[in-house]
Amino acid sequence: MCQHLKPCPSADATDREAARIIATFREQGWSLLCNGVIVFEDTGELLPDGTMIEPHRGPAVHALAA
């Protein structure tokens, strides 16, 4: 899918979120990447083959301070 001179990571690559955003819908909370991945603001993902990736953001920085 990616037409960039330096191709973006594919949808099955571990760094797939590094692909460029081609459309964003902030009011709905998601963006489409050029590799076909849909990323949600809660860090969940939907891959082009329909696979869902659960949200994977870590704990808030202030929660780590004890």
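Quick caveat: nothing in here was measured; it's all calculated off a predicted structure. Numbering of residues starts from 1 in each chain and follows the order in which that chain's sequence is written. Local features in this predicted model are restricted to residues whose pLDDT is 70 or higher, and side-chain atom pairs enter the listing and the counts only when it is 80 or higher, whereas totals over whole chains, interfaces and linings include all residues. Each side-chain value is worked out from all heavy atoms of the structure, with water and hydrogens disregarded.

1. Observations regarding the pattern of salt bridges
Any two side chains of opposite charge can pair, on the condition that their charged atoms come close.
Part 1 of the argument: Any Lys or Arg side-chain nitrogen located within 4 Å of an Asp or Glu carboxyl oxygen qualifies as a salt bridge. Considering all chains together, one arrives at 1 salt bridge under this definition.
Part 2 of the argument: Residue arginine 16 is joined to glutamate 45 by a salt bridge in which the shortest nitrogen-to-oxygen separation is 2.6 Å. Placement of the pair is arginine 16 in the segment before β1 (21-25) and glutamate 45 in strand β4 (residues 45-46), with a sequence separation of 29 residues. When sorted by exposure, arginine 16 lands in the same class as glutamate 45, which is buried. Secondary structure elements are defined from DSSP: runs of H or I of at least 4 residues count as helices, runs of E of at least 2 residues count as strands, and each element is numbered from the N terminus. Buried residues are those whose accessible area, probed at 1.4 Å on protein chains only, stays under 20% of the maximum for their type, while exposed residues exceed 50% and partly exposed ones sit between those limits.

2. Some details on the environment of arginine 16
Part 1 of the argument: Overall, arginine 16 belongs to the buried group, its relative accessible area being 15%.
Part 2 of the argument: When the C-alpha positions of arginine 16 and glycine 36 are compared, they lie 9.6 Å apart, and in sequence the two are 20 residues distant.
Part 3 of the argument: Among all residues touching arginine 16, those that are not within four sequence positions of it are Pro9, Ser10, Ala11, Leu33, Asn35, Val37, Glu45, Leu47 and Ile53.
Part 4 of the argument: Of the polar contacts made by the side chain of arginine 16, one reaches the side chain of glutamate 45; its length is 2.6 Å. Residue contacts are defined here by distance: any two heavy atoms, one from each residue, within 4.5 Å place the two residues in contact. Pairs of N or O atoms are called polar contacts if they sit within 3.5 Å, as long as, within protein, a hydrogen donor faces a hydrogen acceptor (for residues adjacent in sequence, only side-chain-to-side-chain pairs).

3. Quick word on the environment of glycine 36
Part 1 of the argument: When you line up the elements, glycine 36 lands in the loop between β2 (30-33) and β3 (38-40).
Part 2 of the argument: With 11 residues separating them along the chain, glycine 36 and leucine 47 place their C-alpha atoms 6.9 Å apart.

4. A short note on the pairing of β1
Part 1 of the argument: Pairing between two strands is assigned when DSSP locates at least 2 bridges connecting them. The sheet contact formed by β1 and β2 spans 4 bridges and is antiparallel. Note on β2: the bridge partner recorded for isoleucine 21 is leucine 33.

5. Some thoughts on the side chain of asparagine 35
Part 1 of the argument: Positionally, asparagine 35 belongs in the loop between β2 and β3.
Part 2 of the argument: A relative accessible area of 7% means that asparagine 35 is categorised as buried.
Part 3 of the argument: For asparagine 35, the side chain forms a polar contact with the main-chain oxygen of proline 9, separated by 3.0 Å.
Part 4 of the argument: Among the polar contacts made by the side chain of asparagine 35, one reaches the main-chain amide nitrogen of valine 37 at a distance of 3.2 Å.

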